[in-house]
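So you can see what is in the structure, the chains are spelled out below.
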Amino acid sequence: MKAKVKPDLGFWKLWNLSFGFFGVQIAYALQGANISRIFATLGADPHELSYFWILPPLAGLIIQPIVGTLSDRTWNRFGRRLPYLLFGSILAVIVMALLPNAGSFHFAIGAALVFGAFALMFLDLSINISMQPFKMLVGDMVNEKQKGLAYSIQSFLCNAGSVVGFVFPFVLTWIGISNIAEGNKVPDSVTFSFYGGAAILIICVIYTFCKVKEMPPKEYAEYHGITEDKDDDKANFVTLLVKAPKVFWTVGLVQFFCWAAFMYMWTYNTGGVAEQAYGWDASQGTQAANYQEAANWNGVLFAVQAIGSVIWAAILPSFKNRRVAYSLSLVIGGIGFISTMFFHDPYMLFISYFLVGTAWAAMLAMPFTILTNSISGKHMGAYLGLFNGTITIPQIVAAALGGGVFSLLGGHSQLNMIILAGVLLIAGACCVFFIKETYAEKHDVTVDPATEEEIPF
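Quantities reported herein were computed from a predicted structural model and do not represent experimental measurements.

How each quantity is defined
- Residues numbered from 1 in each chain as written.
- Predicted model: local features only at pLDDT ≥ 70, side-chain atom pairs only at ≥ 80, totals over all residues.
- Heavy atoms only, no water.
- Helix = DSSP H or I, 4+ residues; strand = E, 2+ residues; numbered from the N terminus.
- Buried < 20%, exposed > 50% of the residue type's maximum accessible area, 1.4 Å probe, protein only.
- Areas by Shrake-Rupley, 256 points an atom, 1.4 Å probe, with all protein chains shown as cover.
- Core = buried A, V, L, I, M, F, W, Y, C linked by side-chain atoms within 4.5 Å.
- Contact = heavy atoms within 4.5 Å.
- Expected span 1.5 Å × (residues − 1).
- Bend = angle between axes of the 7 residues up to and from the residue.
- Axes fitted to C-alpha atoms, helices over the stretch in contact; angles between N-to-C directions.
- Parallel < 35°, antiparallel > 145°, perpendicular 65-115°, else oblique.
- Nonpolar A, V, L, I, M, F, W, Y, C, P; charged D, E, K, R; others polar.
- Left-handed = near helix turned anticlockwise from the far one by under 90°.
- Patch = residues over 30% accessible without salt bridge, like charges linked within 9 Å, V, L, I, M, F, W, Y side chains within 5 Å.
- Salt bridge = Lys/Arg side-chain N within 4 Å of Asp/Glu carboxyl O.
- Phe/Tyr/Trp six-rings, centres within 6.5 Å; stacked < 30°, edge-to-face > 60°.
- Lys NZ or Arg CZ within 6 Å of the ring centre and 35° of its normal.

S.K.: Go over the overall build of the protein, please, and point to the residues and values.
M.R.: Secondary structure summary: the protein contains 16 helices and zero strands in total. Looking at the protein as a whole, 60% of its 457 residues qualify as buried. Split by element, the accessible area of the protein, about 17,600 Å² in all, is 69% carbon and sulfur.

See the structure below:
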C-alpha cells in the first residue's frame, strides 16, 4: 500500500508540536549541569562519580522501547503519544522537587547518596518518557519535506530550554539566593532552580497537550501506508532489530562515541572547570566557595554551548552534503573539548564550549531526521524507543568505565576526562561516513528518483 503524502503544516503547528520540549529540556539541563555537583556535595568521591550516572540511562534503555511500543498501540480521546507525554511530565515534576533535597532529610552520607541515585534514575526516566513523544509526534505528523524544519524548531526550543536550565543557579545566586550550604546539603540556588524548572516544565507540556491533535488511527494508517498484517503486528523487539534498516546501526555507531563523550562532560565538567579556572583541588572539599562558584559557571558554559548549538543549527542546512556537515560538526565539537586544556580564564572557556555546541546541534537533529525517514510509521514508536539504546548504552558503558578510565588518566585531574570527550567526538566524526540514508515510505506522487533507493547523502 502506497502512503498518502502528509499535508504541509503551518509554522505555528510545527511550533506547537515541540513547544513542550522547551520545558522538558530545562529539566534535562538542570540535571546535566548539576547532578555531579549534587552528588559531590553529598560526599561522592571523583573516582565513584560516574557510577551514579549508570542508573538513569539503564532505566531509559528498558523503559523507552516499552513506551514506544505501547504508544504505537494506544489510541484514546487524548491521542497516541500525548498521554505518555503528560504522565512523564507529572512524574518529572515530583522527582525534581525531591532530588535536590537529598541532603536535607538527615540521612547518613551513604543513605543520602543512595536516595539521590534512585531519585536521579526516576528523574531521567520521567524526562525520557516526556522527551521521546516529541520525536514521535514529528515522525507521525510531519512529511519528509518538512521534517528538517520540524526538528530544527525542536532543536531551537531544546537549546533555548537548555540555556534557561543551565543559567538558573547562576541567576538565582546573582539576585541574592545562597550558593553555599552547611554539611551535605545542596545550596538553595540549586534547589530553587529545580523548583522553578519543574513549574515551567508542566506549563509548557500542558500547552502542547492542549494545542496538538493527533491523527486518528484510520488517517494515520493512510499517511503511513499501513495495512492490516497480523503477523507484523506481533513483531517483538528482537524481530524489529533484525529487520531494522542498516542506517539504524550505522547512525547508532556514531551515537556511541557522541553520547559517551557527553556523559564524561556531564560527569566531570564541574570539577574540571573548578581545577582549570578557579584554582580548586579535591583537598579543599566541595563546600569550598570556589568549587560552588565554578559549579555555577559550569552552567553558564553549558548555556554558551547551547547558544553555539542554536547558531550552528541555523548554518547546517546550508551544507549540500549532509554527511560532511555531520562529521565536521563533531570534529569542531571535539576541538572545543580539547581546547579547554589551554584556557585558565573562565571567560576564555566560552570559546571552547561555543565550539562544543556545534556537535550538540548535529546530535539533536540529524540522527532522528535520518532514522524517521527510514522506518515505517507502523512501528515508529517502537523503533524510536529502541533507537534510544544508541543514546543510553554509550552512557552506561562510559559511566561504568568512568572510574577506571579516570584512574588510568592519572586519577587527579578531572579535566583529562573532558579532553577524552574531545577524542571520542572525533572518533564519532570518522564513523559518519559509514551512514547511508534510506526512505521507507513510498507515496502516490512523483518523488525524486534519488530517494527511491539507498543513497549516500
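There is more to say after this.
S.K.: Before we move on, can you summarise the nonpolar core with the specific residues and values?
M.R.: Grouped together as the largest cluster of nonpolar side chains are 131 residues, with contacts concentrated most on Phe39, Phe262, Trp266, Leu330 and Tyr353. The greatest single-element share of this core, amounting to 18 residues, is contributed by helix 10 (residues 246-278). The residues touching Phe262, leaving out its near neighbours within four places in the chain, are Gln305, Phe337, Val356, Ala359, Trp360, Met363 and Leu425. By size, the runner-up hydrophobic cluster in this structure holds six residues, among which are Val67, Tyr84, Met121 and Leu125.

S.K.: Describe helix 5 (residues 144-174), and please don't skip the residues or the numbers.
M.R.: Across its 31 residues, helix 5 extends 45 Å between first and last C-alpha, which sits within 8% of the 45 Å expected from 1.5 Å per residue. Largest kink in helix 5: about 45°, centred on Phe168, with the proline Pro169 one to four residues after it.

S.K.: Quick rundown of the packing of helix 1 (residues 11-42) against helix 10? Include the residues and the values.
M.R.: Packing of helix 1 against helix 10 leaves a shortest axis separation of 5 Å and a crossing angle of 55°. In terms of orientation, helix 1 and helix 10 fall into the oblique class. Along the contact surface, helix 1 presents Tyr28, Gly32, Ala33 and Ser36, while helix 10 presents Trp259, Trp266, Thr267 and Thr270. In terms of residue class, the contact of helix 1 with helix 10 is built from four nonpolar, four polar and no charged.

S.K.: How would you explain the packing of helix 1 against helix 11 (residues 289-315) if you had to name every residue and give the values?
M.R.: Two numbers describe how helix 1 lies on helix 11: the axes approach to 9 Å, and their chain directions differ by 165°. Between helix 1 and helix 11, the crossing angle belongs to the class labelled roughly antiparallel. Our pair here, helix 1 against helix 11, has a crossing hand that is right-handed. Each of Gly32, Ala33, Ser36, Arg37, Ala40 and Thr41 in helix 1 lies in contact with helix 11, whose residues at this interface are Tyr291, Gln292, Ala295, Asn296, Asn298, Gly299 and Phe302. For the contact of helix 1 with helix 11, a count of residues per class yields five nonpolar, seven polar and one charged.

S.K.: So what about a nonpolar patch on the surface? Which residues, and what values?
M.R.: There is a patch of nonpolar side chains on the surface, built from Leu58, Ile62, Ile66, Leu70 and Phe237 and spanning about 400 Å² of accessible area. By the secondary structure assignment, Leu58 is in helix 2 (residues 55-72).

S.K.: Any chance you could break down the environment of Cys204 for me, citing the residues and the numbers?
M.R.: Along the polypeptide, Cys204 turns up in helix 6 (residues 188-211). Among the residues examined, Cys204 registers a relative accessible area of 5% and is labelled buried. Setting aside anything within four residues of it in sequence, one finds Cys204 in contact with Phe19, Gly20, Phe22 and Gly23.

S.K.: How would you sum up the packing of aromatic side chains? Please name residues and give values.
M.R.: Applying the stated criterion across every chain, the model contains 30 aromatic pairs. With a centroid separation of 5.7 Å and an interplanar angle of 70°, the aromatic rings of Trp12 and Trp15 are classed as edge-to-face. Taken together, the positions of Trp12 and Trp15, both in helix 1 and three residues apart, correspond to about one turn of that helix. The buried category is assigned to Trp15, whose relative accessible area is 17%. Chaining the aromatic ring pairs together yields one cluster made of Phe11, Trp12, Trp15, Phe19, Phe22, Phe156 and Tyr207. The residue whose ring lies beneath Arg80 is Tyr220, and the NZ or CZ to ring-centre distance is 4.3 Å.

S.K.: Go over the side chain of Thr191 with me, naming the residues and quoting the values.
M.R.: Here Thr191 lies in helix 6. For Thr191, a relative accessible area of 5% corresponds to the buried category. When sequence neighbours within four positions are dropped, the list of residues in contact with Thr191 reads Pro100, Asn101 and Val186.

S.K.: Outline the environment of Ala117, supporting the account with residue identities and numerical values.
M.R.: Looking at the secondary structure, you find Ala117 in helix 4 (residues 109-141). For Ala117, a relative accessible area of 9% gives the class buried. Once you skip the residues sitting within four places of it in the chain, Ala117 turns out to touch Phe39, Phe52 and Leu55.

S.K.: Tell me what's going on with the pattern of salt bridges, and back it up with residues and numbers.
M.R.: Evaluation of the coordinates by the stated rule reveals two salt bridges. A salt bridge links Arg81 to Asp140, with the shortest nitrogen-to-oxygen separation between them at 2.7 Å. Taken together, the residues Arg81 in the loop between helix 2 and helix 3 (82-98) and Asp140 in helix 4 connect sequence positions 59 residues apart. The same class applies to Arg81 as to Asp140, namely buried.

S.K.: So what about helix 1? Which residues, and what values?
M.R.: Here helix 1 spans 45 Å end to end across 32 residues, near enough to the 46 Å set by a 1.5 Å rise per residue. Along its length, helix 1 reaches its greatest deviation from straightness, about 50°, at Asn34. For helix 1, the buried fraction is high: 28 of the 32 residues fall into the buried class. Downstream of helix 1 by a residue or two, Gly43 has a phi angle that is positive, lying close to 120°.

These figures come from the coordinates and say nothing about function on their own.
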